[in-house]
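Descriptive analysis of the structure
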Amino acid sequence: MPKRIALAAAAVAIPAALVLIGVGIGQAADQTPPPVSHQAAKHAGKQAGKQAGKAERRAAAVKNLDDPAKKEIAMKLVSSAENSSLDWRAQFKYIEDIDDGRGYTAGIIGFCSGTGDMLELVEYYTQIKPGNVLAKYLPALRKVNGSDSHAGLDPDFTKDWKTAAKDKAFQDAQEHERDRVYFNPSVSRGKADGLGTLGQFIYYDAIVMHGPGDSKYSFGGIRKTAMSQAKTPAQGGDEKTYLHAFLDARKKAMQSEEAHSNTSRVDTEQRKFLNEGNLGLEPPLKWKVYGDPYEIDS
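Here the structure is a predicted model, which is why all the values come from computation and not from measurement. (Residues numbered from 1 in each chain as written. Predicted model: local features only at pLDDT ≥ 70, side-chain atom pairs only at ≥ 80, totals over all residues. Heavy atoms only, no water.)

Quick notes on unusual backbone geometry
Residue Pro155 is reached from Asp154 by a cis peptide bond, and omega for that bond is 10°. Take Pro155: it is sitting in the loop between α7 (138-144) and α8 (157-164). Of note, the amide linkage connecting Pro283 to Pro284 takes the cis form, showing an omega dihedral of 5°. Despite not being glycine, Leu281 shows a phi value in the positive range, around 50°. Secondary-structure assignment places Leu281 in the loop between α13 (264-275) and β4 (285-289). (Helix = DSSP H or I, 4+ residues; strand = E, 2+ residues; numbered from the N terminus.)

What follows is the structure, encoded as structure tokens:
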């Protein structure tokens, strides 16, 4: 608009002699090229459209851990550490007491008879399929919750667990409870903290082992310790710096328990990906747990 005003003022100042020789104001205006401001605006609009398109494509390319392909990777990574296998679906039937003070550990995420999540799983399974083979153990699971006791569970609980694991309804129940208690909360917290896919997985693996909550060595306590050392990306901090602080705090939590004192899932898996700068958890992935090598090509 300022250029249009300037052109009008110049036209008023044209000498009358020019009019007499046939160069009229109207003719001069007809010969004037389109205003530069209009061209610039048109060009700027095109550039803005291109940039917006690029931003949308970049946003579409960024995948969180709840993307199906990334979630599959997460399940394999956890299984490599929990079960020494990438075949996480084969772990529906898994059950044993690993002498960590939590009673029986079982299933795809290590549900424990002593921590309440196994009780909640069997309760949910019984809601969707009353009279199932594990329903009769609900009174015993309520009594042993908070301890490592097998009272009321032995001698047939492990056999019945493996029988239930053949049931699609029980498999679905395990996945439902895994997502409700562990996966969804950790991914949501990771997104809120400004973390990418690797950071969300680091949160997920921590909550699987240490459980939710705010005690010193639970997930909430580990996160609190990390935040006392570094800012999250959402707070303006550097993502790699923060994740290193989180893994440092995670190691201390693991080393506080003899059963979890081997920290290779942090050192030669998660820290390896972080040092490689693979914040998107993009395959191919190569890592070791307990000295055993694993690989995901795609």
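Observations regarding the pattern of salt bridges
Between side chains of opposite charge, a pair can form as their charged atoms come close. Considering all chains together, one arrives at 23 salt bridges under this definition. Lys168 serves as the salt-bridge partner of Asp172, at 2.7 Å between the closest nitrogen and oxygen. Taken together, the positions of Asp172 and Lys168, both in helix α9 (residues 168-192) and four residues apart, correspond to about one turn of that helix. We classify Asp172 as partly exposed; its relative accessible area is 35%. Here Lys168 falls in the exposed class, since its relative accessible area comes to 51%. Among the charged side chains, a salt-bridge network with shared partners connects Lys71, Glu175, Arg178 and Asp179. (Salt bridge = Lys/Arg side-chain N within 4 Å of Asp/Glu carboxyl O. Buried < 20%, exposed > 50% of the residue type's maximum accessible area, 1.4 Å probe, protein only.)

Structural notes on α13
Looking only at α13, the buried set comprises Ser264, Arg265, Val266, Glu269, Gln270, Arg271, Phe273 and Leu274. If you follow the buried residues of α13, they end up packed against α5 (68-83), α10 (197-210), α12 (239-255) and β4. Gly277 lies just past α13 and shows a positive phi near 75°. (Contact = heavy atoms within 4.5 Å.)

Description of the packing of aromatic side chains
The full count for this structure, using the stated rule, is 12 aromatic pairs. Between Phe219 and Phe246 the ring centres are 6.1 Å apart and the planes differ by 55°, which places this aromatic pair in the tilted class. Of this pair, Phe219 sits in helix α11 (residues 219-229) while Phe246 sits in helix α12, and the two are 27 residues apart along the sequence. Phe246 sits in the buried class, given a relative accessible area of 0%. Three or more aromatic residues link up through ring pairs in this structure, and these residues are Tyr104, Tyr125, Tyr137, Phe157, Trp161 and Phe170. Over the ring of Phe183 we find Lys71; its NZ or CZ atom is 4.7 Å from the centre of that ring. (Phe/Tyr/Trp six-rings, centres within 6.5 Å; stacked < 30°, edge-to-face > 60°. Lys NZ or Arg CZ within 6 Å of the ring centre and 35° of its normal.)

A few points about the packing of α10 against α13
Contact geometry of α10 with α13 gives a least axis separation of 10 Å together with a crossing angle of 160°. Compared by their axis directions, α10 and α13 come out roughly antiparallel. The handedness of the crossing between α10 and α13 is left-handed. Across from Leu198, Phe201, Ile202, Asp205 and Met209 in α10, the residues of α13 making contact are Arg265, Glu269, Gln270, Phe273 and Leu274. Here the residues of the contact of α10 with α13 sort into six nonpolar, one polar and three charged. (Axes fitted to C-alpha atoms, helices over the stretch in contact; angles between N-to-C directions. Parallel < 35°, antiparallel > 145°, perpendicular 65-115°, else oblique. Left-handed = near helix turned anticlockwise from the far one by under 90°. Nonpolar A, V, L, I, M, F, W, Y, C, P; charged D, E, K, R; others polar.)

A few points about the side chain of Asp117
The topology assignment puts Asp117 in helix α6 (residues 117-128). For Asp117, the side chain forms a polar contact with the main-chain nitrogen of Cys112, separated by 2.8 Å. Within polar-contact distance, the side chain of Asp117 engages the side chain of Tyr182 at 2.5 Å. (Polar contact = N/O pair within 3.5 Å; in protein donor to acceptor, adjacent residues only side chain to side chain.)

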